[in-house]
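Residue strings, one per chain:
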Amino acid sequence: MENDFVKHLEAFVTANNEDFPRMIDLKTFLHDVKPRALEAAEAHDKFVSHPVNGVLMIKRFTSDWLEIEEIVKNSSGGSELSKSIDLHKPLFPEYEDLVGAVEGLFRLQEIYHLPARDIVDGNLSPNYPRATMETEDCFQVGLIAYHDKDFERAKEWMKEGLRKYQPNIYSAYLSRRVLQEFIAWCEYETGNVSEALTITNGILKEEPDYEHAKNNAAFFKRVIKNKEVKPKTKKENAPYMKRYSSLCRGQNNKTAVELAKLTCYYDQSTPQLVIKPAKIEVLNLEPRIVRYFNVITDEEIEAVKLLAGPRLRRATINNLATGKLEFAKYRVSKTYVAV
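Residues numbered from 1 in each chain as written. Predicted model: local features only at pLDDT ≥ 70, side-chain atom pairs only at ≥ 80, totals over all residues. Heavy atoms only, no water.

## Side note on the pairing of strand β3 (residues 289-293)
Every other side chain in a regular strand lies on the same face of the sheet, so the side chains alternate between the two faces. This is how the line gets drawn: The pairing criterion for strands is at least two bridges between them, as found by DSSP. In DSSP terms, a helix is any run of H or I states spanning at least four residues, a strand is any run of E spanning at least two, and both are numbered starting from the N terminus.
Sheet topology places strand β2 (residues 278-284) next to β3; 5 bridges connect them, and they run antiparallel. The residue of β3 that forms the bridge with E281 is R291. Where β2 folds back on β3, the antiparallel hairpin that results is connected by 4 residues.

## Here's the deal with the UniProt feature "domain: Prolyl 4-hydroxylase N-terminal" (unreviewed entry) in the protein chain
Going by this rule: UniProt positions are given in the numbering used here, feature names are shortened, and annotations may be inferred rather than shown by experiment.
UniProt annotation of "domain: Prolyl 4-hydroxylase N-terminal" (unreviewed entry) refers to residues 1-125 when read in the numbering used here. For residues 1-125, the end-to-end C-alpha separation is 29 Å, with 76% helix and 0% strand making up the annotated structure.

## What to know about helix α10 (residues 176-189)
Which entries qualify depends on this criterion: Working rule for helices: expected span equals 1.5 Å times residues minus one. Burial status follows relative accessibility: with a 1.4 Å probe on protein chains alone, a residue under 20% of its type maximum counts as buried, one over 50% as exposed, and anything between as partly exposed. Any pair of residues with heavy atoms lying within 4.5 Å of one another is described as a contacting pair.
Here α10 spans 20 Å end to end across 14 residues, near enough to the 20 Å set by a 1.5 Å rise per residue. All of the buried residues along α10 are V178, L179, Q180, E181, I183, A184, C186, E187 and Y188. Residues of α10 that are buried sit in contact with α8 (135-147), α9 (151-163), α11 (193-206) and α12 (211-225). Following α10 by one or two positions, G191 adopts a phi angle in the positive range, close to 90°.

## Some remarks on the domain arrangement of the protein chain
Where we set the bar: Marked domain ranges trace back to an automatic or database domain assignment.
One can read the domain layout of the protein chain as domain 1 (1-226) and domain 2 (254-327). Each of domain 1 and domain 2 has a C-alpha centre, and these two points are 39 Å apart.

## Focus on α11
Relative to the 20 Å expected for 14 residues at 1.5 Å per residue, α11 spans 20 Å between its end C-alpha atoms, a close match to the ideal helical length. Check the buried side of α11 and you find it contacts α10 and α12.

## Digging into the nonpolar core
Generally speaking, nonpolar side chains in soluble globular proteins are found buried as a group. The line we're drawing: What is meant by a nonpolar core is a set of buried Ala, Val, Leu, Ile, Met, Phe, Trp, Tyr and Cys residues, joined one to another through side-chain atoms within 4.5 Å.
Counting residues in each nonpolar core, the largest one holds 24 residues, and the members touching the most others are V52, V102, I119, M133 and W157. If you list the elements that add at least two residues to this core, you get α4 (51-72), α6 (95-112), α7 (116-120), α8 and α9. It is α6 that provides the largest number of residues to this core, a total of 5 residues. Once residues within four sequence positions are removed from consideration, V52 is found in contact with L105, I119, L124, A131, T132 and M133. Counting residues in each nonpolar core, the second largest holds 23 residues, with V13, F29, L30 and M57 among its members.

## Concerning the sheet that holds β2
Stated precisely, the cut-off is as follows: Lines fitted to the C-alpha atoms define the axes, with helices restricted to the stretch that makes contact. Angles between their N-to-C directions range from 0 to 180 degrees.
One open sheet accounts for 3 strands, arranged β1-β2-β3; its pairing is antiparallel. The open sheet has two free edges, formed respectively by β1 (264-267) and β3, since each of these has just one partner strand. Sheet twist, expressed as the mean angle between neighbouring strand axes with direction ignored, is 35°. Pairing between β1 and β2: 4 bridges, direction antiparallel. Within the sheet, the bridge partner assigned to Y265 lies in β2 and is I280.

## Brief notes about the pattern of salt bridges
Defined as follows: One speaks of a salt bridge when a side-chain nitrogen belonging to Lys or Arg is within 4 Å of a carboxyl oxygen belonging to Asp or Glu.
Overall, the coordinates contain 21 salt bridges when judged by the stated rule. Across the salt bridge formed by K34 and E10, the nearest N and O atoms sit 2.6 Å from each other. Of this pair, K34 sits in helix α2 (residues 23-42) while E10 sits in helix α1 (residues 2-15); the two residues are 24 residues apart in sequence, bridging distant segments of the chain. Residue K155 is joined to E152 by a salt bridge in which the shortest nitrogen-to-oxygen separation is 3.6 Å. Taken together, the residues K155 and E152, both in helix α9 and 3 residues apart, mark about one turn of the helix. Its relative accessible area of 8% is what places K155 among the buried residues.

## So, the packing of α9 against α10
Applied cut-off: The labels follow the angle: roughly parallel below 35 degrees, roughly antiparallel above 145, roughly perpendicular from 65 to 115, and oblique for the rest. By definition, any crossing whose near helix is turned counterclockwise from its far helix by less than a right angle is left-handed, and any crossing with a clockwise turn is right-handed. In this count, Pro and Cys sit with the nonpolar residues alongside Ala, Val, Leu, Ile, Met, Phe, Trp and Tyr, while Asp, Glu, Lys and Arg are called charged and the others, Gly among them, polar.
The N-to-C vectors of α9 and α10 enclose an angle of 155°; their axes lie 9 Å apart at closest approach. In terms of orientation, α9 and α10 fall into the roughly antiparallel class. Crossing hand, α9 versus α10: left-handed. For the pair α9 and α10, the contacting residues are F151, A154, K155, M158, K159, G161 and L162 in the first and R176, L179, Q180, F182, I183, C186, E187 and E189 in the second. The residue makeup of the contact of α9 with α10, split by class, is 8 nonpolar, 2 polar and 5 charged.

## A short note on the packing of α10 against α12
Between α10 and α12, whose axes approach to 12 Å, the crossing angle comes to 15°. Regarding the angle of α10 to α12, the classification is roughly parallel. Considering only the axes of α10 and α12, their crossing is left-handed. On α12, the residues touching E181, A184, W185 and Y188 of α10 are H212, N216, F219, F220 and V223. Here the contact of α10 with α12 is composed, by residue class, of 6 nonpolar, 2 polar and 1 charged.

In structure tokens, the structure reads:
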């Protein structure tokens, strides 16, 4: 699907000259999306399993391609791309899918202690192919954190957007000033009003007549003068999260005595298992947790995936207070239970 969009956009760019409005936006987007679309088509599962690729792909379908459609739809030669996008819109992900994918990035940061810079620069892991992010991507991620009132996270991502910023290659709404204003407000919301004022004064130095910055500067000065600075707050996690996070990072929480009791063995406890014993690894004693190996073949796995795919629904959790099943921000996977 996306490769078709790319071909139509490429034909449109070739057919129109440089003075077409926002041609630089179209060329920049095409240059970025073409190799990603090709890679996704050649190795889809591997490509989308990368958390950055997943976020960027959802972002393209929830905003980027729709913006491209608006740019070209009333232009000569843009009808083919518009028709193709309209035809496939029912298959597009929703904005909540983008929010869920971005929150997945935030969980990776929290659990593995990853700075946004490592994610943006593609330094996630040697086991992952390199996938980088640009200013507009960082801005969208930061915006989701901002709307969720996670201002520390929003500030971190907006700063990455500012670091990667290159003049004259983004949509008109995304300027250095916009990023600086968001960073300033994040500083204010996290108790750093002096820094918010410094950033705002920097904006005014470049644009002395910018009324919005004047108002912000006056507000920050008043807050400082009246000592109305918001107290700095630190996000508190549930007590179990420390151990949970360390397990996710592969850190060992067991003593040498406990480790010595964890074994692997062949189970031949039933007649069916005499010829082909079950391969079992004991992972934990209390409660007893074991892992079974080679229970299902690769071919059987693919068959299950094929049958379950159309029936997948977003996973729910059991609310301990109400006893009801409900959606949770931290669980965005999809499941299907066969009965």
